[in-house]
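Each chain, letter by letter, is given below.
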Amino acid sequence: MRSMPGIAVMVVVTLLAASVAQAGEVQVAVAANFTAPMKIIASEFEKSTGNKALLSFGGTGKFYAQIRNGAPFEVFLAADDVTPARLEQEGLGEKGSRFTYATGKLVLWSSKQGYVDAKGEVLKQGKYAHLAIAAPKLAPYGAAAQEALTRMGLLNILEPKLVQGENIAQTYQFIQSGNAELGFIALSQVYENGVLKEGSSWIVPNNLYAPIHQDAVLLAKGKNNPAAAALMTFMKSDKARAVIKSFGYDLH
Amino acid sequence: MLFDPQDLTAVWLTLKLAGITTLILLLAGTPIAWWLARTGSWWKGPIGAMVALPIVLPPTVIGFYLLVAMGPQGAVGKLTEALGLGTLPFTFAGLVVASVLYSLPFVVQPLQNAFEAIGERPLEAAATLRASPLDTFLSVVLPLARPGYLTATVLGFAHTVGEFGVVLMIGGNIPDKTRVVSVQIYDHVEAMEYSQAHGLAALMVLFSFLVLLALYTFNPTGRRTQ
């Protein structure tokens, strides 16, 4: 019985030692649309540098609230350029660390083969019950979809058919499950190695919406972590850029 | 103004959803709870476990399966489409169906406990007085199970008001149809509109506290029947 506290101390010491030994780690908050490419980039990053990137995926607005309230993220790959700028202004992001790692592309997508035509005419014909978009207030791709609909003069007509996902991952789920016949999501969600994975799509022309600049920022918590700095550098490498491009993003 | 019109719409929609759900649950939950309380059948265990499932399942599981099942490729979706009702996700009716499933144990369990607490004796006494089963239920069981009904009503209503994950997954965030208070709060937080989020969130805390306070104050026996 006497040895119980001793064993407990040993366990704690061992755990602490283990956590110190894995020093080459960086906690990353990743915008939902960048989920698939970032998983590949993270494994490339580990192969190249030996550092491990721990990824959390979610909405940019939610990450902003969490970071403001002390979340342990060290690098933030946002879905817009406004949020990283705001974090920098508030002293939560490192000055001069921001850069655009990808420019997102909007796509009109259906999980059904041949449903969406090459020119997006299906949108105007309106023979569907639900058109899914991400919430324009919350998601940059939702705002872009709303802007595109406005410029096409369709927003007012289609408003009653709109259903909103909280982020584009949920919007994808609405369409993928067939509950919404079609919808606007990020090209990166349905595109891999330069081809559409399933269903049918229309890549919305760039002149219909303002470019979706997705910025990365080094957060205050990662200032003294060499692995965080290494990831910021790795995001600009040819390897990372090739992956980003293969998912249909534009690069600078 | 603390609440904008969209907030008030969400509040009204939430109350409507919780009210309709509770009413359906009281009607549908009574026979289920009665059967569970009286039966000696082998099925009591499995059915009781089915009813209790929503307590332990994450709302994401319920929401995900409902989205798939009620969608055009799902069994429920095919049925509703064949009946000419369309599919249920993104509709108020869909939310009612989901809420009924989600809040089922919170109504059935207090009723079942109340029915079990009555025991055989009052029923036997009624039978010797030649009361019909319906008469027995209305004039003996219902009055005796009153605390159970109060608990069931309050918990069913409050639990539906507090629903979030399921609505998020099958609602589609449509104003006046599926955008309930919890989703509206989430939207405010995500959009960094923290003062509006605070207003609605505080309202929810106050509401929940008052509801439970009323339950624990006026229904001390009901609390024990949970």
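Bear in mind the structure is a predicted one, so any value in this text is a computation, not a measurement. (Residues numbered from 1 in each chain as written. Chains lettered and ligands numbered in written order. Predicted model: local features only at pLDDT ≥ 70, side-chain atom pairs only at ≥ 80, totals over all residues.)

### Some details on the overall build of chain B
So the rule is basically this: Helix and strand definitions follow DSSP, with helices as H or I runs of at least four residues and strands as E runs of at least two, each counted in order from the N terminus. Exposure criterion: with C-beta atoms placed from backbone coordinates, a residue whose C-beta has 20 or more other C-beta atoms within 10 Å is buried, one with 12 or fewer is exposed, and one in between is partly exposed.
Tallying secondary structure elements over chain B gives 12 helices and zero strands in all. Counting from the amino terminus, helix and strand elements in chain B follow one another as α-α-α-α-α-α-α-α-α-α-α-α. Within the span of chain B, comprising 226 residues, buried residues form 38% of the whole.

### Some details on the overall build of chain A
Selection rule: What counts as a contact here is a pair of residues whose C-beta atoms, placed from the backbone, lie within 7 Å.
Check the secondary structure of chain A and you find 11 helices and 12 strands. Along the first, second and third principal axes, the C-alpha set of chain A runs to 75 × 45 × 35 Å. Buried residues in chain A amount to 46% of all 252 residues. Contacts in chain A between residues far apart in sequence, at least 24 positions, make up 79% of those at least 6 positions apart.

### Here we look at the nonpolar core
The criterion, for reference: Each nonpolar core comprises buried Ala, Val, Leu, Ile, Met, Phe, Trp, Tyr and Cys residues, the members being joined through C-beta atoms within 7 Å. Residue ranges for the domains originate in an automatic or database domain assignment.
Membership of the largest hydrophobic core comes to 76 residues, with the highest contact counts inside it found for Val75, Phe76, Leu77, Tyr141 and Leu231 of chain A. Shared between two domains, this core holds at least three residues of each, these being domain 1 (23–103 + 212–246) and domain 2 (106–203) of chain A. With residues up to four places along the chain from it excluded, the contact list for Val75 of chain A reads Val26, Val28, Ala216, Leu218, Leu219, Gly222, Ala228, Leu231 and Met232 of chain A. Core analysis: the next-biggest nonpolar cluster, separate from the first, contains 44 residues, Ala18, Phe115, Leu155 and Tyr186 of chain B among them.

### Some words on the pairing of strand β12 (residues 212–218) of chain A
Residues and elements named next belong to chain A. Selection criterion: At least two DSSP bridges between two strands are needed for those strands to be called paired.
For β12, a buried count of seven out of seven residues is recorded, marking the element as mostly surrounded by other parts of the structure. Side chains of β12 alternate between two faces, with Ile212, Gln214, Ala216 and Leu218 and His213, Asp215 and Val217 buried alike. With three bridges connecting them, strand β3 (residues 75–77) and β12 associate as antiparallel partners. Directly across from Val75, in β12, lies its bridge partner Leu218.

### Side note on the packing of helix α5 (residues 92–118) of chain B against helix α8 (residues 146–161) of chain B
Residues and elements named next belong to chain B. The line we're drawing: For helices, the fitted line uses only the C-alpha atoms of the stretch in contact; every axis is such a line through C-alpha atoms, and the angle between N-to-C directions lies from 0 to 180 degrees. We call two directions roughly parallel when the angle between them is under 35 degrees, roughly antiparallel when it is over 145, roughly perpendicular when it lies between 65 and 115, and oblique otherwise. It is the rotation of the near helix from the far one that decides the hand of a crossing: anticlockwise by less than a right angle makes it left-handed, clockwise makes it right-handed. Residues are grouped as follows: nonpolar covers Ala, Val, Leu, Ile, Met, Phe, Trp, Tyr, Cys and Pro; charged covers Asp, Glu, Lys and Arg; every other residue, Gly included, is treated as polar.
At a minimum axis distance of 8 Å, the contact between α5 and α8 shows a crossing angle of 165 degrees. The orientation of α5 relative to α8 falls into the category roughly antiparallel. Between α5 and α8 lies a crossing of right-handed hand. Residue-level contacts link Ser99, Ser103, Phe106, Val107, Pro110, Leu111, Asn113 and Ala114 of α5 to Pro147, Gly148, Tyr149, Thr151, Ala152, Leu155, Gly156, His159 and Thr160 of α8. Grouping the amino acids of the contact of α5 with α8 by side-chain chemistry returns nine nonpolar, eight polar and no charged.

### As for the domain arrangement of chain A
Residues and elements named next belong to chain A. Along its sequence, chain A is organised into domain 1 (23–103 + 212–246) and domain 2 (106–203). Put simply, the middle of domain 1 and the middle of domain 2, counted by C-alpha atoms, are 27 Å apart. Contact residues are listed per partner, giving 11 residues for domain 1 and 15 residues for domain 2. Considered class by class, the residues forming the side of domain 1 that touches domain 2 number six nonpolar, four polar and one charged.

### So, the sheet that holds strand β7 (residues 162–165) of chain A
All names here are of chain A. Taken in spatial order, the five strands line up as β7-β6-β8-β5-β11 in an open sheet, and their pairing is mixed. Of all strands in the sheet, those with a lone pairing partner are β7 and β11 (200–203), marking the two edges. Each strand of the sheet is rotated relative to its neighbour by a mean of 30 degrees, with strand direction disregarded. Relative to β7, strand β6 (residues 131–134) runs parallel, the two being bridged by four bridges. In the strand pairing of β7, Ile133 is matched with Gln164. Running at roughly 130 degrees to β6, helix α6 (residues 140–151) makes contact with β5 (106–110), β6 and β8 (182–186) of the sheet.

### A look at the interface of chain B and chain A
Across the boundary between the two partners, chain B contributes 18 residues, which contact 17 residues of chain A. Where the side of chain B that touches chain A is concerned, the elements lending two or more residues are α3 (59–70) and α10 (181–190) of chain B. Top element by residues in the side of chain B that touches chain A is α10 of chain B. It accounts for three residues. Residues of the side of chain B that touches chain A, tallied by class, amount to 10 nonpolar, six polar and two charged.

### What to know about the environment of Asp4 of chain B
Residue and element names in this part refer to chain B. Locating Asp4 in the fold gives a position in the segment before α1 (5–38). Classification of Asp4 as partly exposed rests on a count of 14 C-beta atoms within 10 Å. With 145 residues separating them along the chain, Asp4 and Tyr149 place their C-alpha atoms 35 Å apart.

### Describing helix α6 (residues 121–128) of chain B
Little of α6 of chain B is tucked away, with zero of its eight residues classed as buried. Downstream of α6 of chain B by a residue or two, Arg130 of chain B has a phi angle that is positive, lying close to 60 degrees.

### Topic: the sheet that holds strand β2 (residues 52–58) of chain A
All names here are of chain A. As summarised here, the arrangement of the five strands in space is β2-β1-β3-β12-β4, forming an open sheet in which the pairing is mixed. Two strands lie at the open edges of the sheet, namely β2 and β4 (99–104), each paired on one side alone. The sheet shows a mean angle of 20 degrees between the axes of neighbouring strands, taken without regard to direction. Strands β3 and β12 of the sheet are contacted by helix α4 (residues 82–89), whose axis makes an angle of about 30 degrees with β12.

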